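# Architecture at a glance
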Amino acid sequence: MAHDTTSRNDTPLTDTPPADTPPVDTPPDLTANGDAPAADRLNRELAGLDALELGGGTGRRLLQRTWSAVWPMAAAVVIALLAWQAVVWSGWKEPWVLPGPRDTFPVLWDQITSSRFWKAVALTMQRAIVGFALSIAVGVVVGALVSQFRVLRRAFGSLITGLQTMPSIAWFPLAILLFKLSESAILFVVVLGAAPSIANGLIAGVDYTPPILLRAGKVMGLRGFNLYRHLVLPASLPSFIAGLKQGWAFAWRSLMAGELLVIIGSTTSLGVLLSQARELNNTADMISYMIVILVIGIVIDQLFGVLDRAVRGRWGLED
């Protein structure tokens, strides 16, 4: 009996396979349930798809957006040049009265390579920036007050719209009487031309603020100036930017009219160059300056377009 007990205790209690049994190759990343390889492979595939979308997809979409934005403008320029040349070929006016693109663009090149031209552009842009900044300040103050107080809305709402529709050139006789031939006369007309559009843009944005946002802000404790600053102004930003864009158009038009009418001493601006070319019957020079004025207006409009798309994207309105 003792011999049997010793024999049982010496027997190992493990599941070791026999010596002649081949070992089983277990994958190193196999977990208890056997799902790790499939999960890792799925994660790698998803990571690859994300990288493809964020990398090549973004670059391709950027290229497509750039092309879709450039080719309509390029086509419009080509059509305009062809129409211009067709009018010249028709013989409607003499070449010295209406030169074609072939005669005008060399003159334009001579102009943009001269220091006098760039000094004129610098003075014009300085006036534009200062006048537009003052217009924003006046427009925001007027728009904020009128949008918040019904009495002011009833008193000045129609007046602001009337000022917006009034031609800027009609203000210059009064401006010259008030400020004589000075920078103040030009800035006065620029502000009166641009500020009403900016104020109306802000008023429209405030008017179209969803009431549910106003109620939510009041529930969160926003009152008075804080409500206006943290909720109303951000909500009205898309309409306000549209008002800024329109205000810039009015400011630019008013400035060009002012520089043609108000010539201050020996200063040289784009308006002065345009007026001198008209007086000397240099049509090619005159058209060159007109092209520059048009290009500046288009560039500024594109900058406002970038700002508008950024705001629309922030609001989830851009594809």
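Residues numbered from 1 in each chain as written. Predicted model: local features only at pLDDT ≥ 70, side-chain atom pairs only at ≥ 80, totals over all residues. Heavy atoms only, no water.

## Structural notes on the packing of helix 6 (residues 172–179) against helix 7 (residues 183–207)
What counts here: Every axis corresponds to a line fitted to the C-alpha atoms, with the helix fit spanning only the stretch in contact, and the corresponding angles, defined between N-to-C directions, vary from 0 to 180 degrees. Helix numbering and strand numbering both begin at the N terminus, where a helix is a DSSP run of H or I of at least 4 residues and a strand a DSSP run of E of at least 2. Angle categories are assigned with fixed cut-offs, so that under 35 degrees is roughly parallel, over 145 is roughly antiparallel, 65 to 115 is roughly perpendicular, and the rest are oblique. Crossing handedness follows the turn of the near helix against the far one: under a right angle anticlockwise gives a left-handed crossing, and clockwise gives a right-handed one. Any two residues whose heavy atoms approach within 4.5 Å at even a single point are treated as in contact. Residues are grouped as follows: Ala, Val, Leu, Ile, Met, Phe, Trp, Tyr, Cys and Pro are nonpolar; Asp, Glu, Lys and Arg are charged; all remaining types, including Gly, are polar.
Where helix 6 meets helix 7, the axes come as close as 9 Å, and the angle between the chain directions of the two elements is 140°. With respect to their mutual orientation, helix 6 and helix 7 come out oblique. Relative to helix 7, helix 6 is oriented so that their crossing is right-handed. Facing helix 6, whose interface residues are Phe172, Ala175, Leu178 and Phe179, helix 7 presents Ser184, Ala185, Phe188 and Val189. Here the contact of helix 6 with helix 7 is built from residues that sort into seven nonpolar, one polar and no charged.

## Considering the pattern of salt bridges
How we decide: Every case where a carboxyl oxygen of Asp or Glu lies within 4 Å of a side-chain nitrogen of Lys or Arg is listed as a salt bridge. For the exposure calls, accessible area comes from a 1.4 Å probe over protein chains only, and a residue counts as buried if that area is under 20% of its type's maximum, exposed if over 50%, partly exposed in between.
Evaluated as defined, the whole model comprises four salt bridges. As a salt-bridge pair, Arg127 and Glu259 come within 3.1 Å of each other at their nearest N and O atoms. One end of the pair, Arg127, is in helix 4 (residues 115–148); the other, Glu259, is in helix 10 (residues 237–261), with 132 residues separating them in the sequence. Taking the relative accessible area as the measure of exposure, Arg127 reaches 4% and is therefore buried. With a shortest N-O distance of 3.4 Å, Asp301 and Lys245 are connected by a salt bridge. Note that Asp301 is positioned in helix 12 (residues 283–314) and Lys245 in helix 10, a separation of 56 residues in sequence.

## Description of the nonpolar core
Applied cut-off: Residue types Ala, Val, Leu, Ile, Met, Phe, Trp, Tyr and Cys, when buried and joined through side-chain atoms within 4.5 Å, form a set referred to as a nonpolar core.
Core analysis: the largest hydrophobic core is formed by 44 residues, its most contacted members being Phe132, Trp248, Trp252, Leu255, Leu270 and Ile296. In this view, Trp248 contacts Ala128, Phe132, Ile300 and Phe304; residues no more than four positions away in its chain are not counted.

## With respect to the confidence of the model for the protein chain
Filter applied, for reference: Values of pLDDT, ranging from 0 to 100, describe the predictor's confidence in every residue of the model.
A residue-level look at the protein chain finds 80% of positions with pLDDT of 70 or above and a mean pLDDT of 79. Across the protein chain, the element-wise mean pLDDT spans from 46 in helix 1 (residues 2–9) up to 91 in helix 4. This stretch, residues 1–17, has a pLDDT under 50; its non-local contacts, to residues over four places away or in other chains, come to zero contacts. Counted against residues more than four places away or in other chains, residues 26–34, with its pLDDT under 50, gives five contacts.

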